[in-house]
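What follows is the residue order along each chain.
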Amino acid sequence: MTPGSAPGAIVPRQTSPSEKAAIIVRLLLAEGTPLPLTSLPEHHQTRLAEQMARMGLVDRATLAAVVDDFLAALDATGLTFPDGIDGALALVDGHISPNAASRLRRMAASTAKGDPWERIAALPPEELLPLLADEAAETAAVALSKLPVARAADLLAQMPGDRARRVALAMSRTAATGPETLRRIGTALVAQLDARPPRAFSTGPVDRIGAILNVSPTATREDVLAGLDEADAAFAEQVRRAIFTFAHIPARIAPRDMPRLLRAVDPAQIITALAAAQADPALAPVVTAILDALSPRMAQQLRDDMDIRGAVPAKEADAAYTAITAAIRQLEASGEITLKTDEG
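Rules and cut-offs
- Residues numbered from 1 in each chain as written.
- Predicted model: local features only at pLDDT ≥ 70, side-chain atom pairs only at ≥ 80, totals over all residues.
- Heavy atoms only, no water.
- Salt bridge = Lys/Arg side-chain N within 4 Å of Asp/Glu carboxyl O.
- Helix = DSSP H or I, 4+ residues; strand = E, 2+ residues; numbered from the N terminus.
- Buried < 20%, exposed > 50% of the residue type's maximum accessible area, 1.4 Å probe, protein only.
- Axes fitted to C-alpha atoms, helices over the stretch in contact; angles between N-to-C directions.
- Parallel < 35°, antiparallel > 145°, perpendicular 65-115°, else oblique.
- Left-handed = near helix turned anticlockwise from the far one by under 90°.
- Contact = heavy atoms within 4.5 Å.
- Nonpolar A, V, L, I, M, F, W, Y, C, P; charged D, E, K, R; others polar.
- UniProt positions renumbered as here; feature names shortened; annotations may be inferred.
- Core = buried A, V, L, I, M, F, W, Y, C linked by side-chain atoms within 4.5 Å.

Within this structure, the stated rule accounts for 9 salt bridges. Put simply, aspartate 162 and arginine 166 hold a salt bridge, and the shortest N to O gap is 3.2 Å. Linking aspartate 162 with arginine 166, this pair stays in helix H10 (residues 161-170), spanning 4 residues, or about one helical turn. Look at aspartate 162 and you get partly exposed, because its relative accessible area is 45%. Note that glutamate 332 is salt-bridged to arginine 329, the shortest N-O span being 3.2 Å. Placement of the pair is glutamate 332 and arginine 329 together in helix H20 (residues 314-333), with a separation of 3 residues, close to one helical turn. Under the relative-accessibility criterion, arginine 329 is labelled partly exposed at 27%.

In structure tokens form, the structure reads like this:
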């Protein structure tokens, strides 16, 4: 009995930090709270389970005291930092140079504390597919098994038919894969990622040339694409898909987004573009799509302004088309609009 305690009162017993952790985890699990214990290092998971096996009965006074200490510690917490280099990298990635990030990833891989599959699962398909292309079918099957089902299905669909069949068949030979083998496979794949030299450009060649041609004059764009067709037809087709021009507006812009687009462009450029497009049979459907998405009063006002504008020189028309497509790209980048998939 402690001084000041009532006769017969149960006094909380002294508990170690490990015992307190076991009590809190047991209490939260009993309340049905999901706990991501798998995110803990394995030696911490083992130590926690061993401590819980030794706990036995905990009286109410001790439980209440441990909970009070836990809540007080939470209230006193100001900031928390990630554990290990891999956690620190996840926090600062995107805010440091590519060379520094690459060096930190190599350091994180050498410590072998993080889960390599978390990083692999975060890779976009265009990076993951080449990574798995030269691996054995069994390795690719293990990697697909560690991904969400939807992502695994998407990757399998992008593999050549023969390769996809061999990977699917290899799934039957992965049943006996142990945790340590799984970790070694993930670590080896991550090591291949870190062995790649840092890229000078954050986007691929298709996106870069597509962005340049988006704001190039029509004659220049068509001349370049014709040259690409002769030199590399497959690359030219990818570039065409990356390009967004004034003619793509009806297929790629939802009618509800037309007013937002027009507000983002200089009215004089809009009138110039619509007046020029109206006189071009190939672009007349763009004018119809834009006007049909507006209120009758606004559409009629634009028609009147187009009549007043009259004929438009080709150079001015190109400049107006470019201003509108540039505004569309900016709205897309800021998330204000979403471009529809160009099925054509």
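Now that the structure has been shown, the text picks up again.
Between helix H12 (residues 205-214) and helix H14 (residues 233-242), the least distance of the axes is 8 Å, while the angle of their chain directions is 55°. Viewed along their axes, H12 and H14 adopt a mutual orientation that is oblique. At the point where H12 passes H14, the crossing takes the right-handed sense. Mapping the contact onto sequence places Pro205, Val206, Asp207, Ile209, Gly210, Leu213 and Asn214 in H12 and Phe235, Gln238, Val239 and Ala242 in H14. Residues of the contact of H12 with H14, tallied by class, amount to 7 nonpolar, 3 polar and 1 charged.

Moving on to the side chain of glutamate 19. In this structure, glutamate 19 sits in helix H1 (residues 17-30). Note on glutamate 19: relative accessible area 18%, which makes it buried. Setting aside residues up to four positions removed in sequence, glutamate 19 forms contacts with Arg13, Gln14, Gln51 and Met55.

All right, on to the UniProt feature "domain: Flagellar motor switch protein FliG middle" (unreviewed entry) in the protein then. When the UniProt feature table is mapped onto this chain, "domain: Flagellar motor switch protein FliG middle" (unreviewed entry) is found at residues 125-195. Along residues 125-195 one finds 77% helix and 0% strand; the C-alpha atoms at either end are 19 Å apart.

Okay, the environment of alanine 219 next. Structurally, alanine 219 can be placed in helix H13 (residues 218-231). The exposure class assigned to alanine 219 is exposed, which follows from its relative accessible area of 59%.

The next subject is the environment of glutamate 180. Relative to the elements of secondary structure, glutamate 180 occurs in helix H11 (residues 179-195). Residue glutamate 180 is classed as partly exposed on the basis of its relative accessible area, which comes to 49%. The spacing of glutamate 180 and tryptophan 117 is 63 residues in sequence and 13 Å in space, taken between C-alpha atoms.

Further remarks concern the nonpolar core. Nonpolar side chains tend to gather and get buried jointly when the protein is soluble and globular. In this structure, Phe246, Ile249, Ile253, Ile290, Tyr321, Ile324 and Ile328 are the most contacted members of the largest nonpolar core, which totals 34 residues. Contributing elements (two or more residues each) for this core: helix H16 (258-263), helix H17 (267-278), helix H18 (284-292), helix H19 (296-309) and H20. Apart from residues no more than four positions distant in its own chain, isoleucine 253 is found in contact with Phe244, Met258, Ile328, Ile337, Leu339 and Lys340. Counting residues in each nonpolar core, the second largest holds 24 residues, with Trp117, Leu123, Val167 and Leu189 among its members.

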